[in-house]
Amino acid sequence: MGTGDVEAVWRIESARIVAALTRFTGDFGLAEDAAQEAVAEALVSWPLSPPANPAGWLMATARRRAIDAIRRRTALQNRYALLAADPAVDEEIDPDKIDDDVLALMFVSCHPVLSPEARVALTLRVVGGLSSEEIARAFLVPVPTVQARITRGKKTIAAAGVPFELPAAGERRERLGGVLSVLYVIFTEGSTATSGDRLLRPDVAYEAIRLARTLAALQPDEPEVHGLLALCELTAARFPARTGPDGSPVLLEDQDRRLWDFSAIRRGLAALAKASTRGLGPYGLQAAIAATHASAPSVEATDWDRIVVLYEALGRVAPSPVVELNRAVAVAMASGPAQALAMMDELIALDRLPGSHLVPTVRGELLARLGRRPEARAELELAARLCANQRERSVLLRKAAALG
């Protein structure tokens, strides 16, 4: 067994291992450290002596590391004695509790006491099983920055006395939004990277989908969990057509829809049906918009009037300037660019998206459609200057140049 085998087992089992250890020790930080030590040990020993049950080996080794750590803490001698005195400690994992423990782990990793950056880093590290290097690569930040966020996050959880338990039903529903927003941030970064030389980071997006599937299995009665899963599946279905062979972006109107992942579309539509049971929330509405695109044979044949209505509904339940911007794009497709341009000018007057490249991008497109080419070119050049993603920037510059 090589490094890849260890990483594969760890990616699948990490959340269960850390969750079980946190249940045993009552110490989230210690559990995560012990699990990482077990992985380090596996990297050395598995190539020489592959275990018959890799997941069980990791769990048992991590538990031993946790007990060793507790034994070294003189203040925790009593807890160690309790653990060490139980000969059945290796068999004590209750399979019926593991799912609840993994869910509790998600709520701890996304706890409101943490900064948004720490929530994302801890969720990817502890629940997703990604290394600090992988997280750093995904978000284009230095590895020490990620490590510092994880360390600070664990210290914050300890200092705040965050209990390792599922929140009560009422509080769980309140805090579920925080968990969903972390998964949404992870998926969004994977589906359109904010900076760097790649438009997509599919590995990051697919990790968010994996976590969303886990959450949907653990919280099957929460419509918005299914809404987020549907949104991710339906958006990711278009990934194969969104970039050319050289990695350059392919716009929606130019995409070869035969390349779309139709099994992902089917999964997304099934999740959307579950989300629709009690009326769509913000993620469900975004998923319904993605479903309208996914079921259309072309841009021209898309039901743009339905998309406008869905964006209007989204603007009422989750108002944001980005929603208004997307609604303007849909209005342009349904009713023409003049009405949409007035909406964009209102956004600019209110300074709702300062410094964003999206506003001049959309405004440039609308001006081009109205035949106002010099103004359109200036807007697209401004958008290129503001855009941090090199692939998107090159598309904007090419469009500006074509306007002469």
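Nothing here was measured: the structure is a model prediction, and the numbers come from that model.

Caption draft 1: Up close: helix 17 (residues 337-349). If you check helix 17, its first and last C-alpha atoms are 18 Å apart, about what 13 residues at 1.5 Å a residue would give, namely 18 Å. Regarding helix 17, the residues found buried are Pro337, Ala340, Leu341, Met343, Met344 and Leu347. The buried residues of helix 17 occupy an angular sector of 160° when the element is viewed end-on, so they sit on one face. When the buried face of helix 17 is taken as reference, the exposed residues oriented beyond 90 degrees from it are Ala338, Glu346 and Ala349. As for helix 17, its buried residues are in contact with helix 16 (321-335) and helix 18 (358-369). Count one or two residues on from helix 17 and you reach Asp351, which has phi positive near 50°.

Caption draft 2: Seen up close, helix 1 (residues 3-25). For helix 1, built from 23 residues, the straight-helix expectation of 33 Å at 1.5 Å per residue is missed by more than 12%, its first-to-last C-alpha distance being only 28 Å. Positive backbone phi, at 70°, marks Gly26, one or two positions downstream of helix 1.

Caption draft 3: The arrangement of the pattern of salt bridges in detail. Within this structure, the stated rule accounts for 22 salt bridges. The residue Arg363 makes a salt bridge to Asp345 at a minimum N-O spacing of 2.7 Å. Of this pair, Arg363 sits in helix 18 while Asp345 sits in helix 17, and the two are 18 residues apart along the sequence. Between Glu365 and Lys399 there is a salt bridge, and its shortest N-O distance comes to 2.1 Å. Note that Glu365 is positioned in helix 18 and Lys399 in helix 20 (residues 390-402), a separation of 34 residues in sequence.

Caption draft 4: Just the packing of helix 11 (residues 223-236) against helix 14 (residues 282-294), in detail. Where helix 11 contacts helix 14, the axes come no closer than 8 Å and their chain directions differ by 30°. Judged by the angle between their axes, helix 11 and helix 14 are roughly parallel. For the pair helix 11 and helix 14, the crossing hand works out as left-handed. Packed against helix 11, whose contacting residues are Glu224, Gly227, Leu228, Ala230, Leu231, Leu234 and Thr235, the element helix 14 presents Pro282, Tyr283, Gly284, Gln286, Ala287, Ala290, Ala291 and Ala294 at the interface. Per-class residue counts for the contact of helix 11 with helix 14 are 10 nonpolar, four polar and one charged.

Caption draft 5: Spatial organisation of the environment of Ser14. Along the chain, Ser14 falls in helix 1. C-alpha separation for the pair Ser14 and Arg65, spaced 51 residues apart in sequence, amounts to 15 Å. In contact with Ser14, other than residues within four places in its own chain, are Val126, Val127, Gly128 and Gly129.

Caption draft 6: Quick peek at the nonpolar core. Counting 122 residues, the largest nonpolar core has Ile17, Leu21, Leu58, Leu105, Phe187, Leu215 and Met344 as its most contacted members. Each residue touching Ile17, except ones within four places of it in the same chain, is listed here: Trp10, Ala35, Ala55, Leu58, Met59 and Ala62.

Caption draft 7: The UniProt feature "domain: RNA polymerase sigma factor 70 region 4 type" (unreviewed entry) in the protein chain, seen in detail. In the numbering used here, UniProt assigns the feature "domain: RNA polymerase sigma factor 70 region 4 type" (unreviewed entry) to residues 107-156. Spanning residues 107-156, this segment combines 74% helix with 0% strand, and its end C-alpha atoms are found 14 Å apart.

Caption draft 8: Up close: unusual backbone geometry. Not every positive phi belongs to a glycine, and Asp351 is a case in point at roughly 50°. By secondary structure assignment, the location of Asp351 is in the loop between helix 17 and helix 18. You can call Asp351 exposed: its relative accessible area is 51%.

Caption draft 9: Structural view of the side chain of Glu224. You can see Glu224 is positioned in helix 11. A distance of 2.9 Å separates a polar atom in the side chain of Glu224 from the backbone nitrogen of Tyr283. Among residues more than four places away in sequence, those in contact with Glu224 are Leu180, Gly281, Pro282, Tyr283 and Gly284.

Caption draft 10: Structural context of the side chain of Ser356. The topology assignment puts Ser356 in the loop between helix 17 and helix 18. A residue is classified by how much of its surface remains accessible, and Ser356, at 17% relative accessible area, is buried. Polar contacts involving the side chain of Ser356 include one to the main-chain amide nitrogen of Leu358, which spans 3.0 Å.

Caption draft 11: How the structure looks around the packing of aromatic side chains. Evaluated as defined, the whole model comprises four aromatic pairs. Ring geometry for Trp46 against Trp57: centres 5.5 Å apart, planes inclined by 75°, an arrangement best described as edge-to-face. Separated by 11 residues along the polypeptide, Trp46 in the loop between helix 2 (28-45) and helix 3 (54-72) and Trp57 in helix 3 bring together distant segments of the chain. Judged by its relative accessible area of 0%, Trp46 is buried.

Parameters and conventions
Residues numbered from 1 in each chain as written. Predicted model: local features only at pLDDT ≥ 70, side-chain atom pairs only at ≥ 80, totals over all residues. Heavy atoms only, no water. Helix = DSSP H or I, 4+ residues; strand = E, 2+ residues; numbered from the N terminus. Expected span 1.5 Å × (residues − 1). Buried < 20%, exposed > 50% of the residue type's maximum accessible area, 1.4 Å probe, protein only. Arc of directions from axis to C-beta. Contact = heavy atoms within 4.5 Å. Salt bridge = Lys/Arg side-chain N within 4 Å of Asp/Glu carboxyl O. Axes fitted to C-alpha atoms, helices over the stretch in contact; angles between N-to-C directions. Parallel < 35°, antiparallel > 145°, perpendicular 65-115°, else oblique. Left-handed = near helix turned anticlockwise from the far one by under 90°. Nonpolar A, V, L, I, M, F, W, Y, C, P; charged D, E, K, R; others polar. Core = buried A, V, L, I, M, F, W, Y, C linked by side-chain atoms within 4.5 Å. UniProt positions renumbered as here; feature names shortened; annotations may be inferred. Polar contact = N/O pair within 3.5 Å; in protein donor to acceptor, adjacent residues only side chain to side chain. Phe/Tyr/Trp six-rings, centres within 6.5 Å; stacked < 30°, edge-to-face > 60°.

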